[in-house]
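# Coordinates in review
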Amino acid sequence: MLKIENLHARVAGKDILKGLSLTVNPGEVHAIMGPNGAGKSTLGNVLSGRDGYEVTAGSVTYDGIDLLALEPEARAAAGVFLAFQYPVEIPGVNNTYFLRAALNAQRKARGEKELDSMQFLKLVREKLKVMQISDELLHRAVNEGFSGGEKKRNEIFQMAVLEPKLAILDETDSGLDIDALKQVAQGVNALRSPERSFLVITHYQRLLDYIEPDFVHVLAGGRIVESGDKTLALKLEEHGYAWVREHGEPAGATA
Amino acid sequence: MSQPASVPFVASLGDAALPASGIAWLDALRREHLAAFAVAGLPDTRMEAWKYTALRALGQRRYANGDAQAATRAIDMAAFALPGVDGPRLVFVNGVFRADLSALDALPAGLTLQPLVQALRQDAEPLRFALSRHEPERGDAFVRLNAALAADGVVLKVAPGAKIAAPVHLVFLGAPADGELAWHLRHVIELGEGAELALVEHHAAAGEQQHLGTLVGDITLRDGAVLRHVLFQQAATGSSLIRHSRLQLGARAQAMLHVLELGGALVRHDLRVELVGDGARLDTRGVFMPHGRQHIDTQLAIRHQGLNTTSDSVWRGVADQRGRGVFRGAILVAPGADGSDASLSNKNLLLSGQAEIDTKPELEIYADEVKAAHGATVGQLDERALFYLRSRGIPLVEARALLTGAFCRAVLDDLPNAALREHLTGLLAVELPA
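Residue numbering note: each chain is counted from 1, following its sequence as written. Here chains are named by letter from A upward and ligands by number from 1 upward, in the order in which they appear as written. Where local features are concerned, this predicted model is filtered to residues with pLDDT of at least 70; where side-chain atom pairs are given and counted, the filter is 80 or more; whole-chain, interface and lining totals use all residues.

### With respect to the interface of chain A and chain B
Worth spelling out the cut-off: Contact between residues is assigned whenever the C-beta positions, reconstructed from backbone atoms, fall within 7 Å. Note on conventions: DSSP H or I runs of at least 4 residues are helices, E runs of at least 2 residues are strands, and numbering of each starts at the N terminus. Classification used: nonpolar for Ala, Val, Leu, Ile, Met, Phe, Trp, Tyr, Cys and Pro, charged for Asp, Glu, Lys and Arg, polar for all others including Gly.
With 21 residues of chain A in contact, the opposing surface of chain B contributes 18 residues. The element that contributes the greatest number of residues to the side of chain A that touches chain B is helix α3 (residues 95-109) of chain A, accounting for five residues. Tallied by class, residues from the side of chain A that touches chain B come to 14 nonpolar, four polar and three charged.

So this is what it looks like as structure tokens:
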């Protein structure tokens, strides 16, 4: 479903990703861990198409197509979703309106019928129940005045409504207390399915106690230097990232 | 401009035939104003009030004054239909009153609504004061031109205590003609003590044309009167519209003004508000959206004069392509106007590298115990928000429209007429150039 090969990317003239390779199959959950500055968020941003990230070498193939050639909105319509590390506040745009516009834009791009407001509300109510989110969030402007936890839950809620095939969670655990973290993880787990893959980017192992990954990769110096199963995350927790630097040789990880 | 007579604009209108009222003082006044206009000509950008609005191009134009065929031009009523606005209506086409398009039957008790010509014919004396007043801004070229050549206009009066719920719809339509026309209208509006009125001033187009309209209006609110005024300007994109409005508020009077400036090529509105009586309150909400080569200039001047008066103004400007917006928000708190509370904010958005907005906040305070807040910004769409929307599948063009609409929304949020608010909010999105 996703094949990243020898990806090099730079931001503001600085090389961040230096030959990253990774393959993700349908239904798999991959955790990307690594120290600050390793390029974790850059990976999420490159995959979702944010401006300012220049790919200098390598390729990203998603469902057989060149993902990097697509505009951000086309990637979304193709099923790629990025849960932002810092969700953006958009005053004046109602959360429900925004979400319906997004869903219908995606459906339109895929040649599917758009949902009318009744159909959409029905869908939203179902998802709210699964996510255990109060519908009060829906009536507010997008992320405006939301607490850190509400913002992250709103990201997961959007994901539930948009039903992507590949969800990238960019440090979704950052800034969350343990209760909020559990709620977010529950939401993610409810969305796991044999067709849906996840790329869980995180600095700490803690999130992986609640979202159990199939594979764990260590990103350092712009490359994946170590890959393994969930026990790798525990080793990291125990020994710290310095251990990887001494121990690990760069390994183009293939899961 | 040293030789006004050599300027085509002044030459074409400076010796226009004056409307004859048969009222000696009025005819004399009109002669006087036209002569003064012909001598002084148009202001140039060395004058502070016209610093950002150059009239050179307008000066090169020639206009025929008035439209002799206006009474028979075919007009589609759809050109000015507005949801939530179905009360009494007064329609002018190219400055000429059209009884056939108006709705003046069965006016609610306490409401007087008629064309100026008719009011003058009945009894000119009550209008004499309003029409013959000389004030500093009456030295303005367009006010002079209007005073000389405006044969008609709106006379609207609400009797003390009368509450007119159904909005009164004033429609000013520009309709295509053989050449470029100039038309002029003069309004006198008065709300008696404790009277209430909802008013929709609507500038619309019945086809593309390049006419010039000038409008001068006085609105007086007696003690305790309440006015809800929507000014919706969607004139033809080739036309020019120059307006002077003067709003005076008595004690505890309240005016709430919502302004939407969307159309026109050269648009100027001088809006002068005087909070004369103690406890008077003014709220203004406005948005202007020049695109293409439009130039939209709003000059808002608020004078706090009574005790404990309040003004709250929120304006948004959005300029795209080569559009140019000008906003002057001037607040003056006069000596003795203690306890005044004034706030004004003007935020602007530039959607293209060639668009320009000049905003000029001014604040002068000569009283004590005054609260005043004043701010203006010019910026661009938030790239992070744009990416956020796109990452959810919303195409760039739509994402830009969504954010721009949101930026303007604060202006219409508190418009009480829900049907009209919805319609205008929808227009903001449609009007947005991609």
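Structure shown, so let's carry the discussion forward.
### Observations concerning the domain arrangement of chain B
All names here are of chain B. For clarity, the threshold we go by: Where each domain begins and ends is defined by an automated method or by a domain database.
When the domains of chain B are assigned, the result is domain 1 (75-382) and domain 2 (383-434). For domain 1 versus domain 2, the separation of C-alpha centres amounts to 25 Å. With 25 residues of domain 1 at the interface, the matching set in domain 2 holds 23 residues. Counting only elements with at least two residues in the side of domain 1 that touches domain 2, the list comes to β10 (226-233), β12 (254-261), β14 (281-288) and β16 (310-319). Across the side of domain 1 that touches domain 2, the residue classes tally to 15 nonpolar, five polar and five charged.

### Things to note about the environment of Val184(A)
Residue and element names in this part refer to chain A. With respect to the element layout, Val184 can be found in helix α6 (residues 178-191). The spacing of Val184 and Arg153 is 31 residues in sequence and 5.8 Å in space, taken between C-alpha atoms. When near neighbours in sequence (up to four residues on either side) are disregarded, Val184 contacts Lys152, Arg153, Ile156, Thr172 and Leu176.

### Let's talk about the packing of helix α5 (residues 148-162) of chain A against α6(A)
Residue and element names in this part refer to chain A. Going by this rule: Here an angle of 0 to 180 degrees is reported between the N-to-C directions of two axes, which are lines fitted to C-alpha atoms, with helices fitted over the stretch in contact. Angles are sorted into four bins: roughly parallel if under 35 degrees, roughly antiparallel if over 145, roughly perpendicular if 65 to 115, and oblique for all others.
Interaxial distance between α5 and α6 falls to 10 Å at its minimum, and their mutual angle equals 5 degrees. Classified by the interaxial angle, the pair formed by α5 and α6 is roughly parallel. Of the residues in α6, those in contact with Gly149, Lys152, Arg153, Ile156, Met159 and Ala160 of α5 are Ala180, Gln183, Val184, Gly187, Val188 and Leu191. In terms of residue class, the contact of α5 with α6 is built from seven nonpolar, three polar and two charged.

### Some details on the pairing of strand β9 (residues 212-221) of chain B
All names here are of chain B. For clarity, the cut-off: Working definition of burial: number of other C-beta atoms within 10 Å of the residue's own, with buried at 20 or more, exposed at 12 or fewer, and partly exposed in between, all C-beta atoms being placed from the backbone. We treat two strands as partners when DSSP finds at least two bridges between them.
With nine of 10 residues buried, β9 is to be regarded as a mostly interior element. By the bridge criterion, 10 bridges tie strand β7 (residues 181-191) to β9 in an arrangement that is parallel. Residue pairing across strands places His184 opposite Thr214, the latter belonging to β9. Of the strand pairs in this sheet, β9 and strand β11 (residues 240-249) are connected by 10 bridges, and their pairing is parallel. Of the residues in β11, the one forming a bridge with Leu215 is Arg243.

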